[in-house]
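Per-entry structural report
Here is what each chain is made of, one letter per residue.
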Amino acid sequence: MSYPSSTLQIPDTTCVPRHVAIIMDGNGRWATQRYLPRVAGHAKGVEAVRAAVKACISRGVGYLTLFAFSSENWRRPADEVSMLMRLFAAALEREVDKMHANGIRLRVVGDLSRFDARLLQLIEQAENKTQSNDRLTLTICANYGGRWDLMQATNRMVAAHPETNEYTEAELAPYLAMAYAPEPDLFIRTGGEQRISNFLLWQLAYTELYFTETFWPDFDADALDAAIISYQQRERRFGRTSAQLVEIRKAS
Ligand code: IPE
Ligand code: IPE
Ligand code: MG
């Protein structure tokens, strides 16, 4: 099953965002402020992931997508990259049974071809084990880039339909890495920067954007609630006017 596209059809909106996508930024600065090595910030960041997952489940969010490692993060010092990979593997090993017990379906999306065999095996086992769960779909974007996603989708679409010379949005969408999820309703970036950093370029077309100065390791259930409250105050027009929305509300 695939979800409707916000540009082809006006989606239903709900009071609680159905899909929250987060750029978890600020781990390094959180650590530096405390005279700790950057990796201590990443370790603390894993704890914040646990808290965010729990809060999303209790608030009724159905999809949580977390940007863990971008296609550009390979540009970091090799020791930081390898520590991040180790933390990711350790978190998978430690948390999968708990996730499964809590009804979480785990998906890892991105160009996984650069990961080592052991990490790939952990990812596959975790995805297989949790594939039938439906309380929360937790997507970890690892070696993910919005441009990578658009290119891999385009290449697979063209390979499947080489006879076509003009493709449509609807034909491309099923090949995107997150075709199993609705488009995000709410995007959150922690750490103070106001940019997308090559995250979900296609899927964020009509997502509400929320930026906070809070560093990711300090992001807790209250911080999530503040983002959701901000979201609830937005008028999602999807191209229409405010007056049209008033008419629709009166009619319903
Ligand atoms: C986000 O925190 C985590 C990753 C990108 C893996 P950063 O490591 O980018 O933290 P800052 O932005 O340097 O503070
Ligand atoms: C974005 O954070 C990627 C992740 C959180 C995984 P960065 O810290 O890499 O982003 P830039 O470099 O500041 O744009
Ligand atoms: Mg950063």
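Residues numbered from 1 in each chain as written. Chains lettered and ligands numbered in written order. Predicted model: local features only at pLDDT ≥ 70, side-chain atom pairs only at ≥ 80, totals over all residues. Heavy atoms only, no water.

Focus on the overall build of the chain
The cut-off we apply is this: Secondary structure follows DSSP: runs of H or I at least 4 residues long count as helices, runs of E at least 2 residues long count as strands, and numbering of each begins at the N terminus. Based on C-alpha atoms, the radius of gyration is set beside the globule rule, defined as 2.2 Å times the residue count to the power 0.38.
Counting secondary structure elements, the chain contains eight helices and six strands. Counting from the amino terminus, the chain carries its helices and strands in the arrangement β-α-α-β-α-β-α-β-α-α-β-β-α-α. Its C-alpha atoms give the chain a radius of gyration of 19 Å, within 12% of the compact-globule value 18 Å for 252 residues. If one aligns the C-alpha atoms of the chain with their principal axes, the spans along those axes are about 55 × 50 × 35 Å.

Brief notes about the site of ligand 1
The criterion, for reference: For this purpose, a residue is taken to be near a molecule or strand whenever a single non-hydrogen atom of the residue falls within 4 Å of it. By the criterion applied in these results, polar contacts are pairs of N or O atoms within 3.5 Å in which, for protein atoms, one can donate a hydrogen and the other can accept it, and in which residues neighboring in sequence qualify only through two side-chain atoms. Calculation of accessible area relied on Shrake-Rupley with a 1.4 Å probe; when residues are assessed, cover is drawn exclusively from the protein chains displayed. As a working rule, the residues Ala, Val, Leu, Ile, Met, Phe, Trp, Tyr, Cys and Pro are called nonpolar, Asp, Glu, Lys and Arg charged, and the rest polar, with Gly in that last group.
Ligand 1 sits among Met-24, Asp-25, Gly-26, Asn-27, Gly-28, Arg-29, Arg-38, His-42, Ala-68, Asn-73, Arg-76 and Leu-84. The separation between an oxygen atom of ligand 1 and a polar side-chain atom of Asp-25 is 2.8 Å. Side-chain polar atom of Arg-76 to an oxygen atom of ligand 1: 2.8 Å apart, as the coordinates give it. About the coverage of ligand 1: the protein hides 87% of its 380 Å² of free accessible area. When residues of the shell around ligand 1 are traced back to their parent elements, those giving at least two are helix H1 (27–33) and helix H2 (38–59). Top element by residues in the shell around ligand 1 is H1. It accounts for three residues. Classifying every residue of the shell around ligand 1 by side-chain character gives three nonpolar, five polar and four charged.

As for the pairing of strand S4 (residues 136–144)
Note the following rule: For the exposure calls, accessible area comes from a 1.4 Å probe over protein chains only, and a residue counts as buried if that area is under 20% of its type's maximum, exposed if over 50%, partly exposed in between. Any two strands are treated as partners once DSSP identifies two or more bridges connecting them.
Among the nine residues of S4, nine are classified as buried, and the element is accordingly described as predominantly covered. Of the pairings in the sheet, the one linking strand S2 (residues 63–70) to S4 comprises seven bridges and is parallel in character. Paired with Leu-66 across the two strands is Ile-140, which belongs to S4. Alignment of strand S3 (residues 104–109) against S4, held across six bridges, turns out to be parallel. Residue Val-109 lies in a different strand from S4, and its bridge partner there is Cys-141.

A short note on the packing of aromatic side chains
Heads up, the rule is: By convention, a stacked pair of Phe, Tyr or Trp rings (six-membered ring in the case of Trp) has centres within 6.5 Å and planes under 30 degrees apart, an edge-to-face pair has planes over 60 apart, and any other such pair is tilted.
Counted under the stated rule, the structure contains eleven aromatic pairs. The interplanar angle of 10° and the centroid separation of 4.5 Å between the aromatic rings of Phe-67 and Phe-199 together place this pair among those described as stacked. Residue Phe-67 is found in strand S2, and its partner Phe-199 is found in the loop between strand S5 (186–189) and strand S6 (208–211); the two are separated by 132 residues along the sequence. With respect to class, Phe-67 is no different from Phe-199; both count as buried. Between Tyr-144 and Trp-148 the ring centres are 5.9 Å apart and the planes differ by 75°, which places this aromatic pair in the edge-to-face class.

Some words on the confidence of the model for the chain
Formally: Per-residue confidence from the predictor is reported as pLDDT, a score between 0 and 100.
Scored by pLDDT, the chain comes out at a mean of 97, with 100% of its residues at no less than 70. Taken element by element, the chain is modelled with least confidence in helix H8 (residues 242–251), mean pLDDT 94, and with most confidence in strand S1 (residues 19–23), mean pLDDT 99.

Quick look at the site of ligand 2
Surrounding ligand 2, one finds Ile-23, Met-24, Asp-25, Phe-67, Ala-68, Phe-69, Ser-70, Asn-73, Arg-76, Arg-189, Arg-195 and Ser-197. In this structure, Asp-25 approaches ligand 2 through a side-chain N or O atom, which is 3.2 Å from an oxygen atom. Top contributing element to the shell around ligand 2 by residue count: S2, with four residues.

Looking at the side chain of His-42
Threshold: Pairs of residues are marked as contacts when any of their non-hydrogen atoms sit within 4.5 Å.
Along the chain, His-42 turns up in helix H2. A relative accessible area of 8% places His-42 in the buried class. The residues contacting His-42, other than those within four sequence positions of it, are Asn-27, Arg-76, Glu-80, Leu-84 and Leu-87.

Some points on the packing of helix H3 (residues 78–101) against helix H4 (residues 117–130)
Filter applied, for reference: Here an angle of 0 to 180 degrees is reported between the N-to-C directions of two axes, which are lines fitted to C-alpha atoms, with helices fitted over the stretch in contact. Each angle receives one of four descriptions, namely roughly parallel if under 35 degrees, roughly antiparallel if over 145, roughly perpendicular if within 65 to 115, and oblique otherwise. Crossing handedness is defined as follows: a turn of the near helix away from the far one that is anticlockwise and smaller than a right angle gives a left-handed crossing, while the clockwise case is right-handed.
Look at H3 against H4: their axes get within 10 Å of each other, and the N-to-C directions meet at 20°. As judged from the angle between their axes, H3 and H4 are roughly parallel. In the packing of H3 onto H4, the handedness of the crossing is left-handed. Of the residues in H4, those touching H3 at Met-85, Phe-88, Ala-89, Leu-92, Glu-93, Val-96, Asp-97 and His-100 are Arg-118, Leu-119, Leu-122, Ile-123, Ala-126, Lys-129 and Thr-130. Taken together, the residues that form the contact of H3 with H4 break down as nine nonpolar, two polar and four charged.

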